[in-house]
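Each chain, written out:
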Amino acid sequence: RRTPTAASAKAEKQPAKLTREQATKAILHEIAAGASLRSICERPEMPHPSSFMRWLAEDGEESDSLREHYARARERQAETIANEILEIADEKCVTVHHDDLGEVEIKFDSALVQDKRLRIDTRKWLMSKLAPKKYGEKTTTEHTGADGGPIQARIAVEFVKPAPRAEDD
């Protein structure tokens with residue numbers, strides 16, 4: 001009977017690495033479901049985040065490219081986060097206590113409100129970065145003239161008779 005070596009024991013404990021295609025498919029699926037690239041790649045079977053980013057950089061511009069799939073996954077991630085915001089907003093901000101007599105006391109918890117606000121604001125910020133056209137701040141710039149009126153434009157044309165030249169005689 002053979003006893004396992006340290007190397008073979010280590011190999012038995014670590015899951016097999018996924019192929020590039022398998023890892024890419026899993027990463028895109030998890031991103032669309034709302035997970036971060038860092039949290040996905042922390043799993044032992046997944047590649048390092050820098051490997052995935054290198055794959056994106058190496059990818060071509062053709063249709064059905066990894067970049068295109070990644071962009072769509074990020075768009076779906078923003079939608080997933082929008083749904084999370086609704087769930088967080090719908091959570092109750094109360095705590096329920098039972099006293100020794102079995103009476104129920106319900107108290108409003110301002111700490112829960114602050115926690116919800118932070119979670120929602122963080123997700124809103126992230127959504128504005130993931131899908132700026134859809135969720136980013138919309139800014140407009142208006143130019144006005146004096147006293148808020150329209151800008152006055154004036155064009156002046158002055159015709160000047162040139163001085164006579166010697167060769168014109």
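Scroll up for the structure.
A. Representation of the packing of helix α2 (residues 20–32) against helix α5 (residues 66–90). Remark: α2 packs on α5, axes separated minimally by 7 Å, with the N-to-C direction vectors making an angle of 25°. On the basis of their axis angle, the class for α2 and α5 is roughly parallel. Two secondary-structure elements touch here, α2 through Thr24, Leu28, Ile31 and Ala32 and α5 through Leu66, His69, Tyr70, Ala73, Arg74, Arg76, Gln77 and Thr80.

B. Representation of the pairing of strand β1 (residues 94–98) within the structure. Of the strand pairs in this sheet, β1 and strand β2 (residues 104–108) are connected by five bridges, and their pairing is antiparallel. From the neighbouring strand, Val94 faces β2, where its bridge partner is Phe108. The antiparallel hairpin formed by β1 and β2 contains five residues in its connecting segment, where Gly102 sits at a positive phi of about 85°.

C. How the structure looks around the pattern of salt bridges. Throughout the structure, instances matching the rule amount to 12 salt bridges. Between Glu42 and Arg38 there is a salt bridge; the shortest N-O distance is 2.7 Å. An identical accessibility class is assigned to Glu42 and Arg38; each is exposed. Its salt-bridge partner being Arg72, residue Glu68 comes within 2.9 Å of it at the nearest N-O pair. Of the two residues, Glu68 and Arg72 are both situated in helix α5; the distance of four residues between them amounts to about one turn of the helix. On the accessibility criterion, Arg72 (30% relative accessible area) is partly exposed.

D. Representation of α5 in the model. Its 25 residues place the ends of α5 36 Å apart at the C-alpha level, agreeing with the 36 Å of an ideal helix rising 1.5 Å per residue. The set of residues buried in α5 consists of Leu66, Tyr70, Ala73, Arg74, Gln77, Ala78, Ile81, Ala82, Ile85 and Ile88. Considering only its buried residues, α5 is in contact with α2, α3 (37–41), α4 (49–58), α6 (110–130) and α7 (132–135).

E. Representation of α6. Given a rise of 1.5 Å per residue, 21 residues ought to cover 30 Å, and the 30 Å separating the end C-alpha atoms of α6 matches this to within 8%. Among all positions in α6, only Lys116, Ile120, Met127 and Ser128 are buried. Looking straight down α6, one finds its buried side chains confined to an arc of 100°; they lie on one side. When the buried face of α6 is taken as reference, the exposed residues oriented beyond 90 degrees from it are Ala111, Leu118, Trp125 and Lys129. Here the buried face of α6 lies against α5 and α7. Here α6 starts with a cap whose side-chain oxygen sits 3.0 Å from the backbone nitrogen of Ala111, and that cap is Asp109.

Parameters at a glance
Residue numbering note: each chain is counted from 1, following its sequence as written. Restriction of local features to residues with pLDDT of at least 70 applies here, the model being predicted, together with a cutoff of 80 or more for giving and counting side-chain atom pairs; totals for whole chains, interfaces and linings are based on all residues. As a convention, hydrogens and water are excluded, and side-chain values are obtained from all of the structure's heavy atoms. Helix axes are fitted only over the stretch in contact, all axes being lines through C-alpha atoms; the angle between N-to-C directions runs from 0 to 180 degrees. Each helix is a run of H or I in the DSSP string that is no shorter than four residues. Each strand is a run of E no shorter than two, and both are numbered from the N terminus. Should an angle fall under 35 degrees it is taken as roughly parallel, and over 145 as roughly antiparallel, whereas 65 to 115 is taken as roughly perpendicular and any remaining angle as oblique. Every residue pair with non-hydrogen atoms within 4.5 Å of one another is taken to be in contact. A strand pair is defined by DSSP finding two or more bridges across the two strands. Whenever a carboxyl oxygen of Asp or Glu lies within 4 Å of a side-chain nitrogen of Lys or Arg, that contact is scored as a salt bridge. Accessible area is worked out with a 1.4 Å probe on protein chains only. A residue is then buried under 20% of its type maximum, exposed over 50%, and partly exposed in between. A helix is expected to span 1.5 Å multiplied by its residue count minus one. What the arc measures is the spread of directions leading from the helix axis to the C-beta atoms. The term polar contact refers here to a pair of N or O atoms within 3.5 Å; inside protein, the definition further demands a hydrogen-donor-capable atom paired with an acceptor-capable atom, and it admits residues adjacent in sequence only when both atoms are side-chain atoms.

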